[in-house]
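An overview of the molecular structure
One letter stands for each residue in the lines below.
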Amino acid sequence: EVQLVESGGGQVKPGGSLRLSCTVSGFTFSSYSMNWVRQAPGKGLEWVASMSISGDFIWHADSVKGRFTISRDNSKSLLYLQMNSLRAEDTAVYYCARGRYSGTTSDYWGQGTLVTVSS
Amino acid sequence: EIVLTQSPGTLSLSPGERATLSCRASQSVSSNSFAWYQQKPGQPPRLLIYGTSNRATGIPDRFSGSGAGTDFTLTITRLEPEDFAVYYCQQYGGSPLYSFGQGTILEIK
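My aim in this report is to walk through the structure given alongside it, one point at a time. (Residues numbered from 1 in each chain as written. Chains lettered and ligands numbered in written order. Predicted model: local features only at pLDDT ≥ 70, side-chain atom pairs only at ≥ 80, totals over all residues. Heavy atoms only, no water.)

**Observations regarding the interface of chain B and chain A**
Spelled out, the test is: The contact rule is simple, with two residues in contact once any of their heavy atoms fall within 4.5 Å. Here the quantity called buried area is the total loss of accessible area, with a 1.4 Å probe, experienced by two parts when brought into contact, counted for both. Salt bridges, as used here, are contacts in which a Lys or Arg side-chain nitrogen is within 4 Å of a carboxyl oxygen on Asp or Glu. Each helix is a run of H or I in the DSSP string that is no shorter than four residues. Each strand is a run of E no shorter than two, and both are numbered from the N terminus. Think of it as three bins: nonpolar holds Ala, Val, Leu, Ile, Met, Phe, Trp, Tyr, Cys and Pro, charged holds Asp, Glu, Lys and Arg, and polar takes everything else, Gly as well.
Listed per partner, the contact involves 18 residues of chain B and 21 residues of chain A. A combined buried area of about 1700 Å² lies between chain B and chain A, and 64% of that area is made up of carbon and sulfur atoms. Taken as a group, Pro44, Tyr98 and Phe100 of chain B account for 33% of the area that chain B buries against chain A, more than any other trio of residues on that side. Taken together, the links from chain B to chain A amount to zero salt bridges. For the side of chain B that touches chain A, the secondary-structure elements that each account for two or more residues are strand 4 (34-39), strand 5 (46-50), strand 8 (86-92) and strand 9 (98-100) of chain B. Its residues assigned to classes, the side of chain B that touches chain A comprises twelve nonpolar, six polar and no charged.

Right under this line is the structure:
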């Protein structure tokens, strides 16, 4: 069974940092691109970052570029999102998701981890 | 930047009826790169349709997708109680790499 489990969320003050992790099981992690998508409370979905299978290609949304960094450890089947200089508008549930169909969609998603940025 | 605009914002229908949800892109999108998701409260999104018209694994055949260029449609024939949820369209490959529509709420009338 494919499973993705996010961890590392919590409450942090503006300007602070957090590192999210996504632990996967049930599939060969090193064979799939991976994505982070977030959802602010009561709002829609917003793509955050993506990483190719090997990690050679990385993309970040403009809203997080220079502050967030996606990375992966294929040996441990782990996906990360390092979040620095956090702002109130970064408050959201953060989902990790598996890329599929040449990365055009996300076919499996974790349950998400809540990040709250507040003083 | 490719912006996806979904309509209507809210759709009120009864079980057994047919639902037609629309998504318009601000620029042409490759048909291979267009998808639909369903999200229920407290749950992550669930992939319904990929490549404009292909049902994802386990998705019932009452869900279908169509469209090309800038106009895409998700059709749900014979609504079941479990179909009432929020639906998002998504494109890949433009700028930003992925973008989502704002969502259509499908509610029970």
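**Quick word on the side chain of Ser50 of chain A**
Threshold: Under this definition, polar contacts are N or O atom pairs within 3.5 Å; protein pairs additionally need one hydrogen-donor-capable and one acceptor-capable atom, and for neighbouring residues in sequence, both atoms have to be side-chain atoms.
On the secondary structure map, Ser50 of chain A appears in strand 5 (residues 45-51). Only 2.8 Å separates the side chain of Ser50 of chain A from the side chain of Trp47 of chain A, close enough to count as a polar contact. Filtering out sequence-adjacent residues up to four positions away, Ser50 of chain A remains in contact with Met34, Asn35, Phe57, Ile58, Trp59 and Ile70 of chain A together with Leu97 and Tyr98 of chain B.

**Examining the sheet that holds strand 3 (residues 18-25) of chain A**
All names here are of chain A. Quick note on the threshold: A pair of strands is considered paired only if DSSP assigns at least 2 bridges between the two. Axis lines are fitted through C-alpha atoms, for helices just across the contact stretch, and the angle between N-to-C directions can take any value from 0 to 180 degrees.
Reading across the sheet, the four strands line up as 1-3-8-7 and stay open at both edges, with antiparallel pairing between neighbours. The open sheet has two edge strands, strand 1 (3-7) and strand 7 (68-73), and neither has a second partner. With strand direction ignored, the average angle separating the axes of adjacent strands in the sheet is 15°. Examined bridge by bridge, strand 7 and strand 8 (residues 78-83) share six bridges and lie antiparallel to one another. When the sheet's bridge partners are listed, Arg72 is paired in strand 8 with Leu79.

**A word on the state of the cysteines**
Residues and elements named next belong to chain A. In plain terms, the rule: A pair of cysteine sulfur atoms is labelled a disulfide when the two atoms are within 2.5 Å. Here the term buried applies to any residue with accessible area under 20% of the maximum for its type, exposed to any over 50%, and partly exposed to those in between, with areas from a 1.4 Å probe on protein chains only.
In this structure the tally under the stated criterion is two disulfides over all chains. Across the disulfide from Cys22 sits Cys96; the S-S distance is 2.0 Å. Taking the torsion about the sulfur-sulfur bond, which here is approximately 55°, the covalent link between Cys22 and Cys96 counts as right-handed. Taken together, the residues Cys22 in strand 3 and Cys96 in strand 9 (residues 92-100) connect sequence positions 74 residues apart. The exposure class assigned to Cys22 is buried, which follows from its relative accessible area of 0%. For Cys96, a relative accessible area of 0% corresponds to the buried category.

**Structural notes on unusual backbone geometry**
All names here are of chain B. Residues Ser7 and Pro8 are joined by a peptide bond in cis, for which omega reads -5°. Following Ser95, the chain continues to Pro96 via a peptide bond in cis, the omega torsion being 0°. Along the chain, Pro96 falls in the loop between strand 8 and strand 9. Not every positive phi belongs to a glycine, and Thr52 is a case in point at roughly 70°. You can see Thr52 is positioned in the loop between strand 5 and strand 6 (54-55).

**Some remarks on the side chain of Gln6 of chain B**
Residues and elements named next belong to chain B. As for its placement among the helices and strands, Gln6 is situated in strand 1 (residues 4-7). Residue classification places Gln6 among the buried residues on the basis of a relative accessible area of 3%. A polar contact of 3.1 Å, which involves the side chain of Gln6, links it to the backbone nitrogen of Cys89. If near-sequence neighbours (up to four positions away) are discounted, Gln6 is found in contact with Ser22, Cys23, Trp36, Tyr87, Tyr88, Cys89, Gly101, Gln102, Gly103 and Thr104.

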